[in-house]
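Secondary and tertiary structure notes
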Amino acid sequence: MSPRQDRGGPQAETSGGHATGDAFPGEVADLFYALCGRRRDVRGQFTGEPVDDAVLRRILGAAHAAPSVGMSQPWDFVLVRDRDTREAFREHVATERDTFARELSGEDAATFSKIKIEGILESTLSVVVTYDPDRGSPAVLGRHAIADAGLYSVCLAIQNLWLAATAEGLGVGWVSFYREPVLRELLGIPERVRPVAWLCLGPVTHLEQTPDLERHGWRTRLPLDAVVHAERYPDS
Ligand SMILES: Cc1cc2nc3c(=O)[nH]c(=O)nc-3n(C[C@H](O)[C@H](O)[C@H](O)COP(=O)(O)O)c2cc1C
């Protein structure tokens, strides 16, 4: 029996499933890894050009295909195009940037002062992703012991969105310099719902090869071996 049959490939196909393992074309895997490497957090490269409705729909569809605890699908996506709303949010982000900057001193302060942290007005639109803990409750299968599993699910939807946008040649920038009550008030989000991300989305001139924070000397990506451990968490 070939490895493909071992993994139930043909049977899976006839029963409506997808073949996996070595039946999955190598070039798809290559493209996926390339996509992961190409994805960037974008602040300064947005062009503001329109995003095709069908493309946006595909990207949101990818987000909505994410796994979620108990299949609760606790996310919502609020599309924000209104200039006044975006300006109001940007103003708030600027004050939060100042708040963070005041915590810094010396080299950190100097480095941070040169880093752009958002492209709210330059991007084409914003997608605000929220978490509704009541979705699918009270019996959310798999969340009884870990309340955060709902939030994890929303983050997976965001990552799907991010990768799909990258695959479509668009950029995404996550903005987290905000206070949740301010964003709730701005978009009419109910108290029980948490805004998880303000994402700037749109066409870009290019995607940088190196993350902005690395280019500006804030932090570098750790080597993989520094974060992979055998059997037990390392002694600290
Ligand atoms: C939860 C989260 C919040 C973030 N918030 C911001 C932000 O407010 N402003 C910003 O410029 N980048 C933000 N980022 C982007 C990170 O700085 C970026 O992912 C990291 O520097 C690595 O760069 P890369 O995404 O281009 O690989 C955020 C990313 C995550 C995952």
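The following refers to the structure shown. Values in this document were obtained by computation on a predicted structure and should not be read as measured data. (Residues numbered from 1 in each chain as written. Predicted model: local features only at pLDDT ≥ 70, side-chain atom pairs only at ≥ 80, totals over all residues. Heavy atoms only, no water.)

**Focus: the pattern of salt bridges**
Counting across every chain of the model gives 14 salt bridges. The salt bridge involving Glu122 is made with Lys116; its shortest N-O contact spans 2.6 Å. With its nearest N and O atoms 3.8 Å apart, the salt bridge here joins Arg215 to Glu208. Residue class for Arg215 comes out partly exposed when judged on its relative accessible area of 39%. Through salt bridges that share partners, Asp41, Arg43, Glu208, Asp212 and Arg215 make up one connected network. (Salt bridge = Lys/Arg side-chain N within 4 Å of Asp/Glu carboxyl O. Buried < 20%, exposed > 50% of the residue type's maximum accessible area, 1.4 Å probe, protein only.)

**Here we look at the nonpolar core**
Among the nonpolar cores identified, the biggest contains 26 residues, and Val127, Leu161, Leu199 and Leu201 are the most heavily contacted of them. Mapped by element, the contributors of at least two residues to this core are α4 (53-64), β2 (125-131), α7 (149-167), β3 (170-175) and β4 (194-203). By residue number, the principal contributor to this core is α7, which donates 8 residues. (Core = buried A, V, L, I, M, F, W, Y, C linked by side-chain atoms within 4.5 Å. Helix = DSSP H or I, 4+ residues; strand = E, 2+ residues; numbered from the N terminus.)

**As for the site of the ligand**
In the region of the ligand, the neighbouring residues are Arg39, Arg40, Asp41, Arg43, Ile117, Trp174, Val175, Ser176, Phe177, Pro211, Leu213 and Arg221. Contact distances for the ligand include 2.5 Å between an oxygen atom and a side-chain N or O atom of Arg43. The separation between an oxygen atom of the ligand and a polar side-chain atom of Arg221 is 3.0 Å. Protein burial of the ligand: of its 620 Å² of free accessible surface, 74% is covered by the chains. (Near = heavy atom within 4 Å. Polar contact = N/O pair within 3.5 Å; in protein donor to acceptor, adjacent residues only side chain to side chain. Areas by Shrake-Rupley, 256 points an atom, 1.4 Å probe, with all protein chains shown as cover.)

**Concerning a nonpolar patch on the surface**
On the surface, a nonpolar cluster with roughly 390 Å² of combined accessible area is contributed by Leu222, Leu224, Val227 and Val228. A relative accessible area of 48% places Val227 in the partly exposed class. (Patch = residues over 30% accessible without salt bridge, like charges linked within 9 Å, V, L, I, M, F, W, Y side chains within 5 Å.)

**What to know about the packing of aromatic side chains**
Per the stated rule, a full pass over the model turns up 9 aromatic pairs. A ring pair is formed by Phe89 and Tyr178, whose centres lie 5.7 Å apart and whose planes are at 55 degrees; its orientation type is tilted. Taken together, the positions of Phe89 in helix α5 (residues 83-102) and Tyr178 in the loop between β3 and α8 (180-187) put the pair 89 residues apart, joining distant regions of the chain. Considered together, Phe89 and Tyr178 belong to a single accessibility category, that of buried residues. Ring centres of Phe100 and Phe112 lie 5.1 Å apart, and the angle between their planes is 80 degrees; this geometry places the pair in the edge-to-face category. (Phe/Tyr/Trp six-rings, centres within 6.5 Å; stacked < 30°, edge-to-face > 60°.)

**Topic: the sheet that holds strand β1 (residues 75-80)**
In sheet architecture, strand pairing relies on hydrogen bonds along the backbone and comes in two forms, parallel and antiparallel. Pairing is antiparallel across the open sheet formed by 4 strands, whose spatial order is β1-β2-β4-β3. On the outer flanks of this sheet lie β1 and β3, each paired with one strand and no other. Mean inter-strand twist for the sheet, computed between neighbouring axes without regard to direction, equals 25 degrees. Where β1 meets β2, 6 bridges bridge the pair, whose relative direction is antiparallel. Directly across from Asp76, in β2, lies its bridge partner Thr130. (Pairing = 2+ DSSP bridges. Axes fitted to C-alpha atoms, helices over the stretch in contact; angles between N-to-C directions.)

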